[in-house]
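Spelled out from the first residue to the last, the chains are:
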Amino acid sequence: MIFSTPKQIRFHHCDPAGIVFYPQFFYLLHEAQEDFLAHIGFPQHRLIQRGFGVPIVDLKTEFVGMCRYGDEITISLSLSRLGNSSLGMQYELHAPEQRHGEGRVLKLKAASVLVYSELPHGKPARIPDDLRQALQPYLKNHSKETP
């Protein structure tokens, strides 16, 4: 399965030309990650209250096109791997076609690695079975777990 969440490009995301300033995409990707965790029943704030976090330890991004103030975007998220304490997330961000206003086009692709960690020291911890079960349907080729 793929999780999708709609977002709107707001004034604070943009530079004076009305185009998203590239670091703001990272905030949007993190929001999508939080939306996903809440969707599967593990809101990030609850994980933190229980003494765990899921920091990103690696993030690769390909900027394919521009987004502008007011665009209604969609961020899609799936899992590329599910290990003992880490997971790989893949994101795609689509926005309206700028020239004709019809259809949606890819604007950004990203891949990240998150590590389920004990707080506050960040020691990796095994992903609990209930969280693992909730993540499993979003794993591409979900019959393949990696150590």
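Note that this is a predicted model, so its numbers are computed, not measured.

1. Some remarks on the packing of aromatic side chains
Any aromatic ring pair is given by two values, namely how distant the centres are and how the planes are angled relative to each other.
Part 1 of the reasoning: Counted according to the given criterion, the structure contains 8 aromatic pairs.
Part 2 of the reasoning: An angle of 50° between the planes, with centres 5.8 Å apart, marks the rings of Phe25 and Phe63 as tilted. Residue Phe25 is located in helix α1 (residues 23–39), and its partner Phe63 is located in strand β3 (residues 56–63); the two are separated by 38 residues in the primary sequence.
Part 3 of the reasoning: Between the aromatic rings of Phe36 and Tyr138, the centroid separation amounts to 5.0 Å while the plane-to-plane angle is 85°, which identifies the pairing as edge-to-face. With Phe36 in helix α1 and Tyr138 in the segment after α3 (129–135), the pair connects residues that are 102 residues apart, well separated along the chain. Pair check on accessibility: Phe36 and Tyr138 agree, each one buried.
Part 4 of the reasoning: Feature note: the residues Phe21, Tyr22, Phe25, Phe26 and Phe63 constitute an aromatic cluster, connected by ring pairs.

2. Things to note about α1
Part 1 of the reasoning: Between its first and last C-alpha atoms α1 spans 25 Å; for 17 residues at 1.5 Å apiece the expected length is 24 Å, and the two agree.
Part 2 of the reasoning: A positive backbone phi angle near 95° is found at Gly41, which sits one or two residues after α1.

3. As for the environment of Glu118
Part 1 of the reasoning: The residue Glu118 is located in strand β7 (residues 117–118) in this model.
Part 2 of the reasoning: Each C-alpha atom, one on Glu118 and one on Glu72, is 36 Å from the other, the two residues being 46 residues apart in sequence.
Part 3 of the reasoning: Excluding its chain neighbours within four sequence positions, the residues that come into contact with Glu118 are Gly51, Phe52, Lys123 and Ala125.
Part 4 of the reasoning: At a separation of 3.5 Å, a polar atom in the side chain of Glu118 contacts the side chain of His121.

4. Observations regarding the nonpolar core
Part 1 of the reasoning: Counting residues in each nonpolar core, the largest one holds 36 residues, and the members touching the most others are Phe36, Ile40 and Leu135.
Part 2 of the reasoning: In terms of residue count, the dominant contributor to this core is α1 (6 residues).
Part 3 of the reasoning: Leaving out residues up to four positions away in the same chain, Leu135 has contacts with Phe36, Ile40, Leu79, Leu82, Leu87 and Ile127.

5. Focus: the pattern of salt bridges
Part 1 of the reasoning: Summed over all chains, the structure comprises 4 salt bridges.
Part 2 of the reasoning: Among the salt bridges present, the one from Lys7 reaches Asp35, with a minimum N-O distance of 2.7 Å. Of the two residues, Lys7 sits in strand β1 (residues 3–8) while Asp35 sits in helix α1, which places them 28 residues apart along the sequence.
Part 3 of the reasoning: Residue classification places Lys7 among the buried positions, given a relative accessible area of 15%.
Part 4 of the reasoning: Classification of Asp35 by relative accessible area gives partly exposed; the value is 26%.
Part 5 of the reasoning: The partner of Asp58 in a salt bridge is Lys60, with the nearest N and O atoms 2.8 Å apart.
Part 6 of the reasoning: Accessibility expressed as a relative area gives 31% for Asp58, which makes it partly exposed.

6. A word on the pairing of β1
Part 1 of the reasoning: Burial of β1 is one-sided: the residues Phe3, Thr5 and Lys7 facing one way are buried, the residues Ser4, Pro6 and Gln8 facing the other way are not.
Part 2 of the reasoning: As paired strands, β1 and strand β4 (residues 72–82) are joined by 6 bridges and run antiparallel to one another. Bridge assignment links Gln8 to a residue of β4, and that residue is Glu72.

Basis of the calculations
- Residues numbered from 1 in each chain as written.
- Predicted model: local features only at pLDDT ≥ 70, side-chain atom pairs only at ≥ 80, totals over all residues.
- Heavy atoms only, no water.
- Phe/Tyr/Trp six-rings, centres within 6.5 Å; stacked < 30°, edge-to-face > 60°.
- Helix = DSSP H or I, 4+ residues; strand = E, 2+ residues; numbered from the N terminus.
- Buried < 20%, exposed > 50% of the residue type's maximum accessible area, 1.4 Å probe, protein only.
- Expected span 1.5 Å × (residues − 1).
- Contact = heavy atoms within 4.5 Å.
- Polar contact = N/O pair within 3.5 Å; in protein donor to acceptor, adjacent residues only side chain to side chain.
- Core = buried A, V, L, I, M, F, W, Y, C linked by side-chain atoms within 4.5 Å.
- Salt bridge = Lys/Arg side-chain N within 4 Å of Asp/Glu carboxyl O.
- Pairing = 2+ DSSP bridges.

Read these as layout, nothing more, since geometry by itself doesn't imply function.
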